[in-house]
Amino acid sequence: MTSSTVALPAASHSSTKPASRADHRSEQRQRILDAAVACFSRDGFHGASMQKICAEAGMSPGALYRYFPSKESLIAAIVEGERAERLAFFDAVSKAPSVLDALTDCTAAMMDDGCLASARLGPEVMAEAIRNADLRAAVEPHEEESRIQLKAALANAVAQGEIDPALDLDTVVLLLQIIGDGVLLHHQLHPQWKLAERLPAFTQLVKRMLAPDAQAPAESEA
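Residues numbered from 1 in each chain as written. Predicted model: local features only at pLDDT ≥ 70, side-chain atom pairs only at ≥ 80, totals over all residues. Heavy atoms only, no water.

K.L.:
So what exactly am I meant to see when it comes to the layout of surface pockets here?
P.N.:
The probe, sized like a water molecule, is rolled over the atoms to show the empty space still left. Taken as a whole, the largest pocket holds about 1200 Å³ of empty space. Lining the largest pocket are 44 residues, and of these M110, Q177, G180, D181 and L184 sit closest to its centre. For the lining of the largest pocket, the secondary-structure elements that each account for two or more residues are α4 (71–81), α5 (83–95), α6 (99–110), α7 (117–129), α8 (133–159), α9 (169–189) and α10 (195–210). Sort the elements by how many residues they give to the lining of the largest pocket and α9 lands first, with 10 residues. When the residues that make up the lining of the largest pocket are grouped by side-chain class, the tally is 29 nonpolar, nine polar and six charged. Approximately 190 Å³ is the volume found for the second largest pocket. (1 Å grid on protein atoms, 1.4 Å probe; cavity = no way out; pocket = protein on both sides within 12 Å on 5 of 7 lines; lining within 4 Å. Points joined across faces, edges and corners; volume = space filled by probe spheres on them. Helix = DSSP H or I, 4+ residues; strand = E, 2+ residues; numbered from the N terminus. Nonpolar A, V, L, I, M, F, W, Y, C, P; charged D, E, K, R; others polar.)

Right, here's the structure in full:
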């Protein structure tokens, strides 16, 4: 009886301390990632030194390096941290009455400054990844996962009659990724183009490219 009453507080005490440490580590980690996003957005990948990120986070280099050994690891963590949000995007797209319209809505959301940090940093990361093999290796698994999710959504679009079943979906995935990346890049590079307002027109063009060819039977009969 006595031993059990003594043991219970000890068990409770040992279970709360690790949780507190875990919370502290999580908060510190997120503080560093928020600082990295701010620095990468402001100064670019090259301009945002680890020293600048330390200053932005208000911590010493030693403390930062305990969490992240390099800028590449920071980018990978930023992208990984938004994985659940990206998957939620694709889940909503797959279940939408019009997959292509839903993709337009997602693109519009990503153009919002308050949306995914990885979308804002995308052009910068892609430019650096061309010459930085470590960065490319860090982000490519996430890119591949997004392509797999997009292909699954497009398969639903084929079933719904939005996309010609004769088209190769892997090619369509690459085409839409290239278009989407280009829109996000030029949204930042040329804000005067007001691309968000042009998205409905872009969507109509994409629908025409991908729609089942209704003219094919008539042409073959001719």
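After that view of the structure, there is still more to cover.
K.L.:
Looking at this structure, I do not really get the packing of α5 against α8. What am I missing?
P.N.:
A pair of packed helices is characterised by two quantities: the angle between their axes and the separation of those axes. Between α5 and α8, the shortest axis-to-axis distance is 9 Å and the interhelical angle comes to 15°. When the axis of α5 is compared with that of α8, the two are roughly parallel. Like other packed secondary-structure pairs, α5 and α8 cross with a definite hand, here right-handed. Taken together, the residues of α8 that come into contact with α5 (itself represented by R83, R86, L87, F90, V93 and S94) are H142, E145, S146, Q149, L150, A153 and N156. (Axes fitted to C-alpha atoms, helices over the stretch in contact; angles between N-to-C directions. Parallel < 35°, antiparallel > 145°, perpendicular 65-115°, else oblique. Left-handed = near helix turned anticlockwise from the far one by under 90°. Contact = heavy atoms within 4.5 Å.)

K.L.:
Help me understand the environment of A127 in this model?
P.N.:
Structurally, A127 can be placed in helix α7. A127 gets classed as partly exposed once you look at its relative accessible area, which sits at 35%. A127 sits 82 residues away from F45 along the chain, and the two C-alpha atoms are 9.4 Å apart. (Buried < 20%, exposed > 50% of the residue type's maximum accessible area, 1.4 Å probe, protein only.)

K.L.:
Just checking my understanding: could you explain the nonpolar core for this structure?
P.N.:
Soluble globular proteins tend to pack their nonpolar side chains together in the buried interior. Core analysis: the biggest nonpolar cluster contains 29 residues, and F40, I53, L74, I75 and I78 have the highest contact counts within it. For this core, the secondary structure elements donating two or more residues are α1 (2–47), α2 (50–57), α3 (61–67), α4, α7 and α8. Of the residues forming this core, the biggest block, eight residues, is contributed by α1. For I53, the contacting residues outside a window of four places in its chain are I32, A35, A36, C39, F40, A48, L64 and L74. By size, the runner-up hydrophobic cluster in this structure holds 27 residues, among which are V93, A102, L116 and A157. (Core = buried A, V, L, I, M, F, W, Y, C linked by side-chain atoms within 4.5 Å.)

K.L.:
Help me understand the side chain of E72, please; the structure alone is not making it clear to me.
P.N.:
Relative to the elements of secondary structure, E72 occurs in helix α4. Side-chain polar atoms of E72 contact the side chain of N132, separated by 2.8 Å. Apart from residues no more than four positions distant in its own chain, E72 is found in contact with F45, N132, D134, L135 and A138. (Polar contact = N/O pair within 3.5 Å; in protein donor to acceptor, adjacent residues only side chain to side chain.)

K.L.:
Help me understand α7, please; the structure alone is not making it clear to me.
P.N.:
Owing to its 3.6 residues per turn, the α-helix brings residues three or four apart onto one side. Over its 13 residues, α7 extends 17 Å from the first C-alpha to the last, a length consistent with the 18 Å expected when each residue adds 1.5 Å. Residues of α7 that are buried: A117, S118, A119, L121, G122, P123, V125, E128 and A129. (Expected span 1.5 Å × (residues − 1).)

K.L.:
Any chance you could explain the pattern of salt bridges here in plain terms?
P.N.:
If the charged atoms of two oppositely charged side chains come close together, the side chains can form a pair. Applying the stated rule across the entire model yields 10 salt bridges. Notably, a salt bridge pairs E145 with R83, separated by 2.5 Å at the nearest N-O pair. You can see E145 sitting in helix α8 and its partner R83 sitting in helix α5, a full 62 residues away along the chain. Among the residues examined, R83 registers a relative accessible area of 33% and is labelled partly exposed. Beyond isolated ion pairs, a larger network of salt bridges with shared partners links R42, D43, K52 and E56. (Salt bridge = Lys/Arg side-chain N within 4 Å of Asp/Glu carboxyl O.)

K.L.:
Teacher, can you tell me more about the environment of S98 here?
P.N.:
Its location among the elements puts S98 in the loop between α5 and α6. For S98, a relative accessible area of 15% corresponds to the buried category. With residues near it in sequence (within four places) discarded, S98 still touches Q160, E162 and K207.

K.L.:
Would you mind going over the packing of aromatic side chains with me for this structure?
P.N.:
The way to describe two aromatic rings as a pair is by their centre distance and the angle between their planes. With the rule as written, the count across this model stands at one aromatic pair. In this structure, K71 is placed above the aromatic ring of F45, and the distance from its NZ or CZ to the ring centre is 4.7 Å. (Phe/Tyr/Trp six-rings, centres within 6.5 Å; stacked < 30°, edge-to-face > 60°. Lys NZ or Arg CZ within 6 Å of the ring centre and 35° of its normal.)

K.L.:
I would appreciate a short explanation of the state of the cysteines in the present structure.
P.N.:
Joining two cysteines, a disulfide is a covalent bond between their sulfur atoms. For the structure on display, the rule yields zero disulfides. As a non-bridged cysteine, C39 has C54 as the owner of its nearest cysteine sulfur, 9.3 Å distant. (Disulfide = S-S within 2.5 Å.)

K.L.:
I would appreciate a short explanation of the side chain of E145 in the present structure.
P.N.:
Take E145: its relative accessible area is 18%, and that puts it in the buried class. In contact with E145, other than residues within four places in its own chain, are R83, R86 and L87.

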